[in-house]
Amino acid sequence: DAMVIQNPRYQVTQFGKPVTLSCSQTLNHNVMYWYQQKSSQAPKLLFHYYDKDFNNEADTPDNFQSRRPNTSFCFLDIRSPGLGDAAMYLCATSRVTGGGDEQFFGPGTRLTVL
Amino acid sequence: EDQVTQSPEALRLQEGESSSLNCSYTVSGLRGLFWYRQDPGKGPEFLFTLYSAGEEKEKERLKATLTKKESFLHITAPKPEDSATYLCAVQVKGGSQGNLIFGKGTKLSVKP
């Protein structure tokens, strides 16, 4: 089955220690997104890639970076995690942007910062 | 400012007790409205997309409708396995490409 895969499902890191979250997709979609979702809150878009074109949301902290080495993979790097960065991180994909296409989400990575 | 408001925040139903969830939106121009289901500790699962007022879509016990100001997710004769948080999101014409504006969700609990 075509799907969006996130690894790891649970990640524990220490305050200030860099961490990388991984997302891969078998849908062959052009667009990959990263969302942050805190408890009982709506998912918040951090950034997205349309192919290799990177689009950062205006209010995404510089502490968050992303890489997309190929169509299938996308990474979220948190350079110096703070306690406030503890959240569920969701990866999503869509065929195109702005065309009313639905986004398909992965299972998420739960990040804990000690 | 574009925004999405869902109500109620939480809803408890008995098995078989039909009800509706509301998603109100204020946007400059709607490209699409999306409904997702999210189980605890998991990513959102896509349910429906609605594009224009008057449109309706159904899937098993769920039916989504759309007007110019709001969308309803009707749940007919719910079962315990329908318990989840239901998220509504809109995509805005001319907005940040691909950006979905999410509501905070309605947490549905269905008791046997």
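Structural data are supplied above this passage.
In this text, all values refer to a predicted model and were calculated from it rather than measured experimentally. Starting afresh in each chain, residues are numbered from 1 along the sequence in its written order. Labels follow written order: the first chain is A, the first ligand is 1, and so on. Per-residue local features of the predicted model are confined to residues with pLDDT of at least 70, and side-chain atom pairs are confined, for both listing and counting, to 80 or more; whole-chain, interface and lining totals are unaffected and use all residues. For the side-chain quantities, the full set of heavy atoms in the structure was used; hydrogens and water were omitted.

Student: Describe the overall build of chain A, and please don't skip the residues or the numbers.
Tutor: Looking only at helices and strands, chain A has zero helices and eleven strands in total. For helices the rule is a DSSP run of H or I covering at least 4 residues; for strands it is a run of E covering at least 2, with both sets numbered from the N terminus onward. The helix and strand sequence of chain A, counted from the amino end, reads β-β-β-β-β-β-β-β-β-β-β. Against the globule reference of 13 Å for 114 residues, chain A gives a C-alpha radius of gyration of 13 Å, in line with a compact fold. Dimensions along the principal axes, computed over C-alpha positions, put chain A at roughly 40 × 30 × 30 Å. Counting over 114 residues, chain A shows a buried share of 51%. Here the Shrake-Rupley method, with its probe set to 1.4 Å, supplies the accessible areas, and only the displayed protein chains count as covering residues. Accessible area of chain A: about 5,400 Å², with a carbon and sulfur share of 49%. In chain A, 10 positive and 10 negative side-chain charges are present, and the distance between their average locations comes to 8 Å. The atom set for the radius of gyration is the C-alpha atoms, and the globule formula is 2.2 Å times the number of residues raised to the power 0.38. Accessible area is worked out with a 1.4 Å probe on protein chains only. A residue is then buried under 20% of its type maximum, exposed over 50%, and partly exposed in between. Charge counting follows a simple rule: Lys and Arg are positive, Asp and Glu are negative, and His as well as the terminal groups are ignored. By convention, the charge on Lys lies at NZ, on Arg at CZ, on Asp at CG and on Glu at CD.

Student: Can you lay out the state of the cysteines for me, pointing to particular residues and giving the numbers?
Tutor: Disulfides are defined as pairs of cysteine sulfur atoms found within 2.5 Å of each other. Taken as a whole and assessed by the stated rule, the structure comprises two disulfides over all chains. Two residues share a disulfide in this structure: Cys23 of chain A and Cys91 of chain A, whose sulfurs sit 2.0 Å from each other. Between Cys23 of chain A and Cys91 of chain A, the S-S torsion sits near -70°, and that sign places the bridge as left-handed. Separated by 68 residues along the polypeptide, Cys23 of chain A in strand 3 (residues 19–25) and Cys91 of chain A in strand 9 (residues 87–94) bring together distant segments of the chain. Here Cys23 of chain B is linked by a disulfide to Cys88 of chain B, with a sulfur-sulfur distance of 1.9 Å. Between Cys23 of chain B and Cys88 of chain B, the disulfide has an S-S torsion of -60° and is therefore left-handed. Note that Cys23 of chain B is positioned in strand 3 (residues 19–26) and Cys88 of chain B in strand 9 (residues 84–92), a separation of 65 residues in sequence. Comparing Cys23 of chain B with Cys88 of chain B, the two get one shared label, buried.

Student: Pulling in residues and values, what's your account of the interface of chain B and chain A?
Tutor: The interface of chain B with chain A comprises 21 residues on the first partner and 22 residues on the second. Note: buried area is the sum, over both parts, of the accessible area (probe 1.4 Å) each one loses when the two are combined. Summing both partners gives a buried area of about 1,700 Å² for chain B against chain A, and 52% of it is carried by carbon and sulfur. Definition used for salt bridges: Asp or Glu carboxyl oxygen within 4 Å of a side-chain nitrogen of Lys or Arg. Along the contact surface separating chain B from chain A lie zero salt bridges. In protein, a polar contact means a hydrogen-donor-capable atom and an acceptor-capable atom, both N or O and within 3.5 Å, with residues adjacent in sequence counting only if both atoms are side-chain atoms; elsewhere, any N or O pair within 3.5 Å suffices. Our enumeration of links across chain B and chain A arrives at four residue pairs in polar contact (both at pLDDT 80 or more). Elements with a contribution of two residues or more to the side of chain B that touches chain A: strand 4 (30–38), strand 5 (45–50), strand 9 and strand 10 (100–102) of chain B. With four residues, the single largest contributor to the side of chain B that touches chain A is strand 4 of chain B. Grouping the constituent residues of the side of chain B that touches chain A by class yields eight nonpolar, ten polar and three charged. Residue contacts follow a heavy-atom distance rule, with two residues in contact if any of their heavy atoms lie within 4.5 Å. The residue classification treats Ala, Val, Leu, Ile, Met, Phe, Trp, Tyr, Cys and Pro as nonpolar and Asp, Glu, Lys and Arg as charged. All others, Gly included, are polar.

Student: Can you tell me about the packing of aromatic side chains, naming the residues and giving the values?
Tutor: In this analysis, rings of Phe, Tyr and Trp, with Trp reduced to its six-membered ring, are considered paired at centre separations within 6.5 Å, and the interplanar angle assigns stacked below 30 degrees, edge-to-face beyond 60, and tilted for intermediate values. All told, the structure shown has twelve aromatic pairs over all chains when counted by the stated rule. Seen in terms of ring centroids, Tyr49 of chain A and Phe54 of chain A are 5.1 Å apart; in terms of plane orientation they differ by 55°. Their pairing is tilted. A centroid spacing of 6.2 Å and a plane angle of 70° characterise the contact between Phe105 of chain A and Phe102 of chain B, whose relative ring orientation is edge-to-face. Here the residue Phe105 of chain A occupies a position in strand 10 (residues 104–105), and Phe102 of chain B occupies one in strand 10, the pair thus bridging two chains. Grouping residues by exposure puts Phe105 of chain A and Phe102 of chain B together as buried. These aromatic residues form a ring-pair network of at least three members: Tyr33, Tyr35, Phe104 and Phe105 of chain A together with Tyr36, Phe46 and Phe102 of chain B.

Everything listed here is a matter of coordinates, which is why it stays silent on function.
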